[in-house]
Amino acid sequence: MINFQYARATDVADAVRQIAADPDAKFIAGGTNLIDLMKEDVARPARLIDISRLPLKTVEETAGGLRIGALVPNSDLAYHPAVAQRYPLLSSAILAGASQQLRNMASTGGNLLQRTRCFYFYDTATPCNKREPGSGCSAINGINRINAILGTSESCIATHPSDMCVALAALEAKVHVTGPGGERVIAFADFHRLPGNTPQLDTNLHPNEIVTAVELPPKGFAANYSYLKIRDRLSYAFALVSVAAALELEGETIKDARLALGGVAHKPWRDAAAEAALRGQAANRATFRHAADLLLRDAKGFAHNGFKIDLARRAILRTLAQAARATPQSQSAKKIR
Ligand SMILES: Cc1cc2nc3c(=O)[nH]c(=O)nc-3n(C[C@H](O)[C@H](O)[C@H](O)COP(=O)(O)OP(=O)(O)OC[C@H]3O[C@@H](n4cnc5c(N)ncnc54)[C@H](O)[C@@H]3O)c2cc1C
Ligand code: SF4
């Protein structure tokens, strides 16, 4: 039994004050990731600051977009009418993750900050640079079937496990955070980090900051989108590879395109060259293949995960074709209801 203190934050300012006062404290929202990490002895916060009752549970219309409070549960967000109708890519990605019970508990902010599922990160008997900086990486020469093929480093080849974040990356969301110095806004592409030689840092959120909201821009790509998740089981499993594709079409021509991959890197993976290769081109297989080749040009497999490169290529082709035909892989929340 490891002792820890528990305190409830009364408002955002109080939450920031409490976290800034104690470097060994952690926020707890839905607890679906942090409690598991504590039970496995991977996380050892001296103090839990419960933010689950803060008034950050609303989805509000902003100048053409949406502002999603950091404590909006994943289920509420997926089924929210404005999200289901205007951002069905996000609904699809959320509903592809975890289980209904987990999605009822999991929060928007917590989903962004969930930690990798690398087997060795959870196994405290093995070296892991992310869990214990400087101890080594057991995955590089170990069982690395679920690990990354893009953006890896000699320190870490972990992947970010979220589905929701892949859609948020494609939609170019923004993350609103508050710290002792006030508020700031982080572009989604800059929120998560690549491992480099500091794999213990998953994001660019400062330790004394709280995520307060995620903002969606007006453009939702509601007509031509698809989220495809390839995994070992049909439910309750993390992505081996996932693809979020969003297209804006003018006849047969692609006017705008977004493409983000999950399960392949330390952060949701986007590639400007691959998206540029789609814009202005005919929405056909040759265009999609060229974009997939560009996106995967630097992909590197390890002993057990080389299969992910071809899997990702095929998944990109299929997801773009589904988006172009307006036949999305996952059903939108509107259709499920
Ligand atoms: C069996 C299982 C299967 C799963 N499958 C999937 C899946 O397929 N796809 C998927 O995407 N996810 C999956 N998940 C993960 C799940 O989505 C996350 O655990 C959940 O989103 C985390 O949200 P939470 O509110 O419970 O976070 P918590 O566990 O409360 O917190 C997680 C981390 O975020 C920090 N935090 C939380 N909120 C804030 C905030 N507002 N500001 C700053 N820091 C904050 C906490 O300090 C902690 O470090 C699965 C989880 C389980 C247990
Ligand atoms: S890949 Fe990263 S998380 Fe996994 S063992 Fe190596 S350092 Fe740890």
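A few points on the structure.

Basis of the calculations
Residues numbered from 1 in each chain as written. Chains lettered and ligands numbered in written order. Predicted model: local features only at pLDDT ≥ 70, side-chain atom pairs only at ≥ 80, totals over all residues. Heavy atoms only, no water. Salt bridge = Lys/Arg side-chain N within 4 Å of Asp/Glu carboxyl O. Helix = DSSP H or I, 4+ residues; strand = E, 2+ residues; numbered from the N terminus. Buried < 20%, exposed > 50% of the residue type's maximum accessible area, 1.4 Å probe, protein only. Near = heavy atom within 4 Å. Nonpolar A, V, L, I, M, F, W, Y, C, P; charged D, E, K, R; others polar. Pairing = 2+ DSSP bridges. Axes fitted to C-alpha atoms, helices over the stretch in contact; angles between N-to-C directions. Parallel < 35°, antiparallel > 145°, perpendicular 65-115°, else oblique. Left-handed = near helix turned anticlockwise from the far one by under 90°. Contact = heavy atoms within 4.5 Å. Phe/Tyr/Trp six-rings, centres within 6.5 Å; stacked < 30°, edge-to-face > 60°. Core = buried A, V, L, I, M, F, W, Y, C linked by side-chain atoms within 4.5 Å.

Concerning the pattern of salt bridges
Part 1 of the argument: Here the structure, examined in full by the defined rule, presents 22 salt bridges.
Part 2 of the argument: Here Glu209 ties to Arg184 by a salt bridge, and the two come within 2.7 Å at their closest N and O atoms. Of the two residues, Glu209 sits in the loop between helix H10 (188–191) and strand E8 (210–216) while Arg184 sits in strand E7 (residues 182–187), which places them 25 residues apart along the sequence.
Part 3 of the argument: Taking relative accessible area as the criterion, Arg184 reaches 29% and is therefore assigned partly exposed.
Part 4 of the argument: One salt bridge connects Glu248 with Lys219, and the closest N-O pair in it is separated by 2.8 Å.

Considerations on the site of ligand 2
Part 1 of the argument: The environment of ligand 2 is formed by 14 residues, the closest being Cys118, Cys128, Cys137, Cys156 and Ile157.
Part 2 of the argument: Classifying every residue of the shell around ligand 2 gives nine nonpolar, four polar and one charged.

Description of the pairing of E7
Part 1 of the argument: Relative to E7, strand E6 (residues 174–179) is paired through six bridges, and the arrangement is antiparallel. Directly across from Lys174, in E7, lies its bridge partner Ala187.
Part 2 of the argument: Where E6 folds back on E7, the antiparallel hairpin that results is connected by two residues.

Digging into the sheet that holds strand E5 (residues 66–69)
Part 1 of the argument: Sheet architecture is open: five strands sit in the order E4-E5-E8-E6-E7, paired in antiparallel fashion. Strands at the two margins of the open sheet, each flanked by one partner only, are strand E4 (59–61) and E7. Each adjacent strand pair in this sheet contributes to an overall mean axis angle of 25°, direction not counted.

Considering the packing of helix H12 (residues 285–295) against helix H13 (residues 307–325)
Part 1 of the argument: Put simply, H12 and H13 touch, their axes get as near as 9 Å, and they point 140° apart. Here H12 lies oblique to H13, going by the angle between them. The interaxial crossing formed by H12 with H13 has right-handed handedness. Taking contact as the criterion, the partners of Arg285, Phe288, Arg289, Ala292, Asp293 and Leu295 in H12 are, on H13, Arg313, Ile316, Leu317, Leu320, Ala321 and Ala324.
Part 2 of the argument: By residue class, the composition of the contact of H12 with H13 is eight nonpolar, no polar and four charged.

Examining the packing of aromatic side chains
Part 1 of the argument: In total, this model carries two aromatic pairs according to the counting rule given.
Part 2 of the argument: Ring geometry for Phe121 and Tyr122: centres 5.9 Å apart, planes at 80°, overall edge-to-face.
Part 3 of the argument: By relative accessible area, which is 17% here, Tyr122 ends up buried.
Part 4 of the argument: A ring pair is formed by Phe188 and Phe191, whose centres lie 6.5 Å apart and whose planes are at 25°; its orientation type is stacked.

Here we look at the nonpolar core
Part 1 of the argument: If you look at the biggest cluster of nonpolar residues, it comprises 54 residues, and the most contacted ones within it are Leu54, Leu77, Leu89, Leu90, Leu112, Leu168 and Leu216.
Part 2 of the argument: Looking at which element gives the most residues to this core, the answer is helix H9 (residues 164–170), with seven residues.
Part 3 of the argument: Discounting chain neighbours no more than four positions away, the residues touching Leu89 are Ala167, Ala170, Leu171, Tyr225, Ser226, Tyr227, Ala244, Ala245 and Ala246.

Overview of the sheet that holds strand E2 (residues 25–28)
Part 1 of the argument: Here three strands make up an open sheet; going across it, the order is E1-E3-E2 and the pairing parallel. With partners counted over all chains shown, the strands left at the sheet margins are strand E1 (5–8) and E2, one partner each. Going from strand to strand, the sheet's axes swing by 25° on average, the running direction of each strand aside.
Part 2 of the argument: In this structure, E1 lies alongside strand E3 (residues 47–50), joined through four bridges in parallel fashion. Within E3, the position partnered with Arg8 by the bridge is Asp50.

These figures come from the coordinates and say nothing about function on their own.
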